[in-house]
Amino acid sequence: MDHAAGARELKVLGAWASPFVLRVRVALHLKGLDYEYVEEDLVNKSELLLASNPVHEKVPVLLHAGRPVCESLLILEYLDDAFPGTGPPLLPADPLGRAAARFWAAYVDGELLSSWLAIHAAAATEEEKAAAVARTLAAVDTLEGALADKDAERCEGWFGGGGVGLVDVALGGFVPAIQASEPTTGLRVVDPARAPRLAAWVDRFCALDAAKAAMPPVERLVEMGKKRLAEAHAAPAPPEADK
């Protein structure tokens, strides 16, 4: 297959602030693949997005020669399969390593992301938010431990073994959003005092050329977060039910 020709047929449907879209864009830059980026209006979704992902109607969608691939983690694996030998592989070659990478990538979404989102839930009580904070920090502690295990294996500070891999890209997609949430929540999710390895990993990830080329400005995310928070506070309270 002519990988250069295949790369020219790549298109990403995305939204600039989406951590899931960021994953895909970082992976494409890591592999040195050219692509067209199409910014979607998620309030008024394009016909192309609706036709490409009719089940969930969400971004990101990767179009390769017009054929869609949906869900960010599946797209990352697809890039490995569709462009073998192009750029660094995101998944290890051995089955056990691939299974471990998939486990930790799923952990990022199932534990860290879900608990972090619960902190920001507008309808959550203070008790629920406190529980979400505790769960988020527990996930951070677990990832810190996983990095410690990788250090023992001489993996150069990456979850991916000898370099950036699936877990690094999966977790890296959330770095700007987590950083941007600190001014409004007062919570430093990745605190060097609590998780020094993970904090060093964040710095290492942000220094990657592939990350710099794809990451949205944290300042813009902060402004978006403040605007959403103001809108939520300004919204009228729902009427009380009849008694």
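Going by the structure above, here's the rest.
Residues numbered from 1 in each chain as written. Predicted model: local features only at pLDDT ≥ 70, side-chain atom pairs only at ≥ 80, totals over all residues. Heavy atoms only, no water.

Enquirer: What's the story with the sheet that holds strand β1 (residues 10-14) in this structure? I'm lost.
Expert: Working definition: the strands of a sheet are paired by backbone hydrogen bonds and lie parallel or antiparallel to each other. The strand order across the open sheet formed by four strands is β2-β1-β3-β4, and the pairing between neighbours is mixed. Pairing within the sheet leaves two strands with one partner each, and these edge strands are β2 (36-39) and β4 (67-70). Averaged over neighbouring strand pairs, the angle between their axes works out to 25 degrees when direction is ignored. Two elements, β1 and strand β3 (residues 61-64), share four bridges in a ladder whose sense is antiparallel. Note that in β3 the partner of L13 across the bridge is V61. The strands touched by helix α2 (residues 19-30) within the sheet are β1 and β2, with β1 carrying the most contacts at an inclination of about 155 degrees. (Pairing = 2+ DSSP bridges. Helix = DSSP H or I, 4+ residues; strand = E, 2+ residues; numbered from the N terminus. Axes fitted to C-alpha atoms, helices over the stretch in contact; angles between N-to-C directions. Contact = heavy atoms within 4.5 Å.)

Enquirer: Which parts of the structure should I look at to understand the nonpolar core?
Expert: Note on soluble globular proteins: their nonpolar side chains tend to be buried together. Formed by 61 residues in total, the largest nonpolar core has its most connected members in F159, L198 and W201. Top element by residues in this core is helix α5 (residues 95-119). It accounts for eight residues. Excluding anything up to four places from it in sequence, L198 contacts V140, L143, E144, L147, F159, L171 and V190. (Core = buried A, V, L, I, M, F, W, Y, C linked by side-chain atoms within 4.5 Å. Buried < 20%, exposed > 50% of the residue type's maximum accessible area, 1.4 Å probe, protein only.)

Enquirer: Is there a simple way to explain the environment of A134 in this structure?
Expert: With respect to the helices and strands, A134 occurs in helix α6 (residues 126-152). Assessed through its relative accessible area of 47%, A134 is described here as partly exposed. Distance in space between the C-alpha atoms of A134 and I119 is 9.8 Å, their sequence separation being 15 residues.

Enquirer: Got a minute to help me understand the packing of α2 against helix α4 (residues 72-82) in this structure?
Expert: How two helices pack is summed up by the angle between their axes together with the distance between the axes. Taken N-terminus to C-terminus, the directions of α2 and α4 make an angle of 10 degrees; their axes are 9 Å apart at the nearest point. By the criterion of interaxial angle, the relationship of α2 to α4 is roughly parallel. Contact residues: F20, R23, V24, A27 and L28 in α2; S72, L73, I75, L76 and L79 in α4. Taken together, the residues of the contact of α2 with α4 break down into eight nonpolar, one polar and one charged. (Parallel < 35°, antiparallel > 145°, perpendicular 65-115°, else oblique. Nonpolar A, V, L, I, M, F, W, Y, C, P; charged D, E, K, R; others polar.)

None of this, on its own, says anything about what the molecule does.
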